[in-house]
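Descriptive analysis of the structure
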Amino acid sequence: MPSTLRTKPSPMYRDLAVYYDRIYSRHAYRREAQEVVRLVRRYGRSGGRSWLDVACGTGRHLELLRHRFDVVGLDLSRPMLRLARRRLPGIRLVSGDMRSFRLGRRFDVVTCLFSAIGYLRTEADLRRAFRTFADHLRPGGVVVISPWVAPDQFRPGHHAVDVYQDDLVKIVRASSTRRQGDLSLLTFDYLIADGPGPFRHVREVETLRLTAPRRLAELLGDAGLRTIWRPPSRGVGRHRGWLIGVAPGNAEGEI
């Protein structure tokens, strides 16, 4: 998950950022980007090709979109942005908080993917972020959000183990989940070997808000956008669905 709001960045978005792409090497970035483009073309009516990806992380989605759209990326984590800049020379990449960034321009598309919106822990923060997204849309522009898990789908007490290895790096990640009210807490224990010597252990706890899709749509609508909820289906995003908002305006055309 790309990074966003944190008062103290977790290890994954700080000193472990260099391992991020290895850890998520099996994530379906290409299929996900294709699905988002289909949604944008269906609902967007601003007639342009400018695209802002909020919480862009290391730029994997932007890498797939840059040849068809005029892309800009934003993320709070400077280590993640350094990696994105290596991947995307010549692309504007900005450090900023999704609740309050001001880029001085509007876009045909604003996306927030890989469940990054879940890091906003209060409805007040969600309202601020959605208002900021809406403020950066052109008339007829579209925002597409990949939400975090819905409250009735979250599984406390779930355990999983993932392994990544290549000739240089070996990573084992064990995870467990628990719930505190409207918050989901994900504990990750990493064993990392990078060169000679023993494995080192790093623990991080990620905290993401559990918000029902209907409530997310209401909050996005309060930002002045017409909202559409695409429920989970088979394929990309099948567990979480898509939240879409369309800005009012008279612009016409296909993106």
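You'll find the structure just up there.
These numbers come from a predicted model, not from an experiment. (Residues numbered from 1 in each chain as written. Predicted model: local features only at pLDDT ≥ 70, side-chain atom pairs only at ≥ 80, totals over all residues. Heavy atoms only, no water.)

1. A look at the sheet that holds strand S7 (residues 169-180)
Within a sheet, each strand pairs with its neighbour through backbone hydrogen bonds, oriented either parallel or antiparallel. The antiparallel open sheet is built from four strands, whose spatial order is S6-S7-S8-S9. What marks the edges here is a single partner per strand, and that holds for strand S6 (159-165) and strand S9 (200-209). Between one strand axis and the next, the sheet turns through 20 degrees on average, direction left out of account. Of the strand pairs in this sheet, strand S8 (residues 183-194) and S9 are connected by ten bridges, and their pairing is antiparallel. Along S9, the bridge assignment pairs leucine 191 with histidine 201. (Pairing = 2+ DSSP bridges. Helix = DSSP H or I, 4+ residues; strand = E, 2+ residues; numbered from the N terminus. Axes fitted to C-alpha atoms, helices over the stretch in contact; angles between N-to-C directions.)

2. Considering unusual backbone geometry
Residue alanine 55 is not a glycine yet carries a positive backbone phi of 60 degrees. For alanine 55, the location among the structural elements is in the loop between strand S1 (50-54) and helix H3 (60-65). The exposure class assigned to alanine 55 is buried, which follows from its relative accessible area of 4%. Positioned with a positive phi, phenylalanine 114 is a non-glycine residue whose angle comes to about 55 degrees. Here phenylalanine 114 shows up in the loop between strand S4 (107-112) and helix H5 (123-135). The exposure class assigned to phenylalanine 114 is buried, which follows from its relative accessible area of 7%. (Buried < 20%, exposed > 50% of the residue type's maximum accessible area, 1.4 Å probe, protein only.)

3. Here we look at the pattern of salt bridges
For the structure shown, the criterion picks out 16 salt bridges. One salt bridge connects glutamate 123 with arginine 209, and the closest N-O pair in it is separated by 3.9 Å. Taken together, the positions of glutamate 123 in helix H5 and arginine 209 in strand S9 put the pair 86 residues apart, joining distant regions of the chain. Judged by its relative accessible area of 25%, glutamate 123 is partly exposed. Here arginine 127 ties to aspartate 222 by a salt bridge, and the two come within 2.9 Å at their closest N and O atoms. Here arginine 127, found in helix H5, pairs with aspartate 222, found in helix H6 (residues 213-222); they are 95 residues apart in sequence, far enough to count as distant. Here arginine 127 falls in the partly exposed class, since its relative accessible area comes to 37%. (Salt bridge = Lys/Arg side-chain N within 4 Å of Asp/Glu carboxyl O.)

4. Topic: the nonpolar core
Formed by 31 residues in total, the largest nonpolar core has its most connected members in Leu52, Val54, Met98, Ile117, Phe130 and Phe133. Ranked by residue count, the leading element in this core is H5, at five residues. Other than its neighbours up to four places away in sequence, phenylalanine 133 contacts Val54, Met98, Phe101, Val110, Cys112, Ile117, Val143 and Ile145. Ranked by size, the runner-up nonpolar core spans 26 residues in total, among them Met12, Tyr24, Met80 and Val169. (Core = buried A, V, L, I, M, F, W, Y, C linked by side-chain atoms within 4.5 Å. Contact = heavy atoms within 4.5 Å.)

5. Looking at the side chain of serine 184
Structurally, the position occupied by serine 184 is in strand S8. Judged by its relative accessible area of 0%, serine 184 falls in the buried class. A distance of 2.9 Å separates a polar atom in the side chain of serine 184 from a polar atom in the side chain of tryptophan 148. Setting aside residues no more than four positions away along its own chain, serine 184 makes contact with Trp148, Phe154, Arg178, Glu206, Thr207, Leu208 and Leu210. (Polar contact = N/O pair within 3.5 Å; in protein donor to acceptor, adjacent residues only side chain to side chain.)

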